[in-house]
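Breakdown of the fold
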Amino acid sequence: MKNLIYILLLTLTCISCEDVVDVDVPNGTPRLVIDASFELYTNETPVALEGGVKLTLSAPFFDEDVPTVNNAIVFITNTTDNSVINFTKTTEPGLYVVEANDFLPAFNTQYELTVIYDDETYIALTQLSPTVPIDNIEQGDATLFEGDETEIIVTFTDDGNRDDFYLFDFDFSLFLASEDRFYQGKSFNFSYFYENMVIGQDVTIKILGIDERYYNYANLLIEQSEQNGGNPFLAPPSVLRGNIVNTTNPDNYALGYFNFSEADRFEFRIQE
């Protein structure tokens, strides 16, 4: 979208250098953006939970600085036993993390996120989504259109006892969502191509389990990110609603998503 605006401005300038062209970019009322993503590494010793709740406000299209929210109350409730996991504000603007170091989400348990901000309460529900380990990653020698891409080949084995949805994180804010409809219960491999030169760099490649709703949400975010650039999971580039509801004022809905993913990661160095 930004590229289209730049092209429009350039075209109008070429047609008439004497006219002043004003492009009105709609600036809506800022909305709360809640990025509540957590990754549980069950294959590591000790088991590790990573992630937090990042709170920002939506900003006008051309603004480079994203306002952060530092005066909210954040907690998660285990709806099975009504236990509460409190969050504390960190030194990083807008970031809230779990106070208790021993909190680990369990499968088949529903968790409710609560964010209280500006006298309004936002909630979202989720469960821990399972994943499978990455079997192997190797570097290939195939290329795409430009001829200087770097290929990596990812291999994993799907669990045939359930319908799985995955989110692959290829580092450098690069993501790919996948579902097991065509490879359920099978060993599967695919190629991913880095467009920019990454020779000699260490990368961390992750496979995250997600549910179907988050799969659809992630696909839309990734599509928008390819058009606009940047990390799609930092802030939605357009009004794309996730699973968060404002119980105080439904019309003042928040953007973002609350998600628990079982995850696995693979460290890899790109060779020449």
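Residues numbered from 1 in each chain as written. Predicted model: local features only at pLDDT ≥ 70, side-chain atom pairs only at ≥ 80, totals over all residues. Heavy atoms only, no water.

Turning to the nonpolar core, a few remarks are in order. One broad rule of soluble globular proteins: the nonpolar side chains tend to lie buried together. If you look at the biggest cluster of nonpolar residues, it comprises 28 residues, and the most contacted ones within it are Leu32, Ile34, Val53 and Leu55. Looking at this core, the elements that each hand over two or more residues are β1 (32–41), β2 (48–57), β3 (73–78), β4 (83–89), β5 (95–98), β6 (110–117), β7 (120–129) and β15 (255–269). Broken down by element, this core gets its largest block of residues, five residues, from β1. Of all hydrophobic cores here, the second largest spans 19 residues; its members include Val154, Phe190, Ile207 and Phe268. (Core = buried A, V, L, I, M, F, W, Y, C linked by side-chain atoms within 4.5 Å. Buried < 20%, exposed > 50% of the residue type's maximum accessible area, 1.4 Å probe, protein only. Helix = DSSP H or I, 4+ residues; strand = E, 2+ residues; numbered from the N terminus.)

Its location among the elements puts Asp169 in strand β10 (residues 165–169). At 2.9 Å, the side chain of Asp169 and the backbone nitrogen of Asp171 are in polar contact. Those residues in contact with Asp169 that lie beyond four places of it in its chain are Leu174, Phe175, Thr204, Ile205 and Lys206. (Polar contact = N/O pair within 3.5 Å; in protein donor to acceptor, adjacent residues only side chain to side chain. Contact = heavy atoms within 4.5 Å.)

The topology assignment puts Pro130 in the loop between β7 and β8 (134–140). In the structure, Pro130 is positioned 132 residues away from Glu262 in sequence and 5.1 Å away in space, judged by C-alpha atoms.

With respect to the element layout, Glu149 can be found in the loop between β8 and β9 (150–157). Buried Glu149, no salt bridge; nearest opposite-charge side chain is Arg269, N-O distance 21 Å. Here Leu144 takes part through its backbone nitrogen, which lies 2.9 Å from a polar atom of the side chain of Glu149. (Lys, Arg positive; Asp, Glu negative; His and termini not counted. Salt bridge = Lys/Arg side-chain N within 4 Å of Asp/Glu carboxyl O.)

Most peptide bonds take the trans form, and the phi angle of most residues other than glycine is negative. Note that the residue after Thr45, namely Pro46, is joined by a cis bond; omega there is -5 degrees. Residue position: Pro46 is located in the loop between β1 and β2. In this model, Phe172 sits at a positive phi of 55 degrees, which is unusual for a non-glycine residue. Among the secondary structure elements, Phe172 is positioned in the loop between β10 and β11 (175–179). Assessed through its relative accessible area of 37%, Phe172 is described here as partly exposed.

Moving on, we come to the pattern of salt bridges. Close approach of charged atoms lets side chains of opposite charge pair. Within the structure shown, the criterion is met by eight salt bridges. Where Glu44 meets Arg265, a salt bridge forms, and the shortest distance between an N and an O atom there is 2.7 Å. Residue Glu44 is located in the loop between β1 and β2, and its partner Arg265 is located in strand β15; the two are separated by 221 residues in the primary sequence. The class of Glu44 is partly exposed, set by a relative accessible area of 27%. On the basis of relative accessibility, which here comes to 24%, the residue Arg265 falls in the partly exposed class. The salt bridge involving Asp202 is made with Arg269; its shortest N-O contact spans 2.7 Å. Taken together, the residues span a long stretch of sequence, with Asp202 in strand β13 (residues 202–210) and Arg269 in strand β15 at a distance of 67 residues. Overall, Arg269 belongs to the partly exposed group, its relative accessible area being 46%.

A word on the packing of aromatic side chains. Counted by the stated rule, this structure contains 24 aromatic pairs. Ring pairing ties together the aromatic residues Phe156, Tyr166, Phe168, Phe170, Phe172, Tyr183, Phe188, Phe190, Tyr192 and Tyr194, which thus form one cluster. Its guanidinium or amino end placed over the ring of Tyr253, Arg31 lies 3.8 Å from that ring's centre, counting from NZ or CZ. Sitting over the ring of Tyr253, Arg241 keeps its end group 3.9 Å from the ring centre. (Phe/Tyr/Trp six-rings, centres within 6.5 Å; stacked < 30°, edge-to-face > 60°. Lys NZ or Arg CZ within 6 Å of the ring centre and 35° of its normal.)

With five bridges joining them, β10 and β11 adopt antiparallel strand pairing. Note on β11: the bridge partner recorded for Leu167 is Ala177. Joining the antiparallel neighbours β10 and β11 is a turn of five residues, in which Asp171 adopts a positive phi near 70 degrees. (Pairing = 2+ DSSP bridges.)

Tracing the backbone through its elements, the reader meets Phe190 in strand β12 (residues 187–194). Through-space distance from the C-alpha of Phe190 to that of Ile137 is 9.9 Å; in sequence the pair is 53 residues apart. Not counting residues up to four positions away in its chain, the partners in contact with Phe190 are Ile152, Ile153, Val154, Phe156, Phe168, Phe170 and Leu176.

This part takes up the sheet that holds β9. Reading across the sheet, the three strands line up as β8-β9-β12 and stay open at both edges, with antiparallel pairing between neighbours. Looking at the sheet topology across the chains shown, the edges are occupied by β8 and β12. Going across the sheet, the axis of each strand differs from the next one's by a mean of 20 degrees, ignoring polarity. Where β9 and β12 come together, eight bridges link them in antiparallel fashion. Bridging from a neighbouring strand, Ile152 pairs with Tyr192 of β12. (Axes fitted to C-alpha atoms, helices over the stretch in contact; angles between N-to-C directions.)

Take it as geometry only, folks, not as evidence of what the structure does.
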